[in-house]
Amino acid sequence: MNWTRNVVIKSKEEIKIMRDAGRINFRTLQAVKEAIKPGISTGELDKIAETVIRDHGAEPVFLGYPGPTPYPATLTVCLNEEMVHGIPGKRILKEGDLVSVDCGTLYNGFVADSAFSAGAGEVSEEVQQLLEVTERALEIGISKMVSGNRIGDVGAAIQEYVSSFGYFVPQEYTGHGVGRQMHEGPQVPNYGTRGKGIELVEGMTIALEPMTLVGTIRTKVLADRWTVVSVDGSLTAHFEHSVAVTNGKPYVLTTE
Ligand code: MG
Ligand code: MG
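Below is a short write-up of the structure. (Residues numbered from 1 in each chain as written. Chains lettered and ligands numbered in written order. Predicted model: local features only at pLDDT ≥ 70, side-chain atom pairs only at ≥ 80, totals over all residues. Heavy atoms only, no water.)

1. Details of the packing of aromatic side chains
Here the structure, examined in full by the defined rule, presents four aromatic pairs. Note on Phe62 and Tyr71: the rings are 6.4 Å apart at their centroids and 85° apart in plane angle, and the pair reads as edge-to-face. Taking relative accessible area as the criterion, Phe62 reaches 7% and is therefore assigned buried. We classify Tyr71 as buried; its relative accessible area is 3%. Aromatic rings pair up to connect Phe62, Tyr71 and Trp226 into one cluster. Across from the ring centre of Phe116, 4.8 Å away, lies the NZ or CZ of Lys33, which sits over that ring. (Phe/Tyr/Trp six-rings, centres within 6.5 Å; stacked < 30°, edge-to-face > 60°. Buried < 20%, exposed > 50% of the residue type's maximum accessible area, 1.4 Å probe, protein only. Lys NZ or Arg CZ within 6 Å of the ring centre and 35° of its normal.)

2. Let's talk about the coordination of the magnesium ion (ligand 2)
Distances from the magnesium ion (ligand 2) to its protein donors, Asp113 (OD), His176 (NE2), Glu209 (OE) and Glu240 (OE), fall at 2.1 to 2.2 Å. Donor residues for the magnesium ion (ligand 2), ordered by position in the chain, follow D-x62-H-x32-E-x30-E. A distance of 3.1 Å spans the gap from the magnesium ion (ligand 2) to the magnesium ion (ligand 1), which Asp113 bridges by coordinating each metal. Here the residue Asp113 occupies a position in strand S5 (residues 110-119), and Glu209 occupies one in the loop between strand S8 (205-208) and strand S9 (211-213), the gap between them amounting to 96 residues. For the pair formed by Asp113 and Glu209, the shared burial category is buried. (Donors = N, O, S within 2.8 Å, 3.2 Å for Na, K, Ca; no water. Helix = DSSP H or I, 4+ residues; strand = E, 2+ residues; numbered from the N terminus.)

Okay, here's the thing in structure tokens:
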């Protein structure tokens, strides 16, 4: 895709619809978050999500999404070294697992895209710190999403914060514009150079999604052709919000 050409500016009315989609997506992820505990399967989490989305008159965006094979589920659910695109199924969560859940909702023609990571039961201090750093990296990135700033300002702030803890951000997986399509321009890496890249303007809607890796910058895709893991098996985490750029404060769409 031509990321630069596919930047679509939304009207206030369109952003209102995206906010509705975002609220449904938030409620879906809240229901999943409440269900995360040792003993539940990743497939059961997926069922919960699909039910909440459909109960709101919305549709799961990931289900059937084109890729190496059409994506088979509502959520992506990743454990520990799995960073993104993990397929839910029979696996059972264990005490201490780091669980990353990503979800997309289509409502009235617009997509909301959001993700979080959380622990199943009690987690180690290492997991706890990674969760806190990654969530904070998202907040820091969002705070830079004001009109007049550039994509590089957002990525640089995320990368600097994450690397101050010795963690890594992947190079191949990035944030993106979101709207009628789940993936629109601009591409928004979690790294960058201040003052560089496309300028943010009012009406841009972006899914910002810092991913972090404890031990390496390198990832690989498993034989299922979807699941992305750290090459060294070290922990990873992922947080994401869909956010509208305004002439004032960034407007987070995927919240209550
Ligand atoms: Mg996502
Ligand atoms: Mg996304």
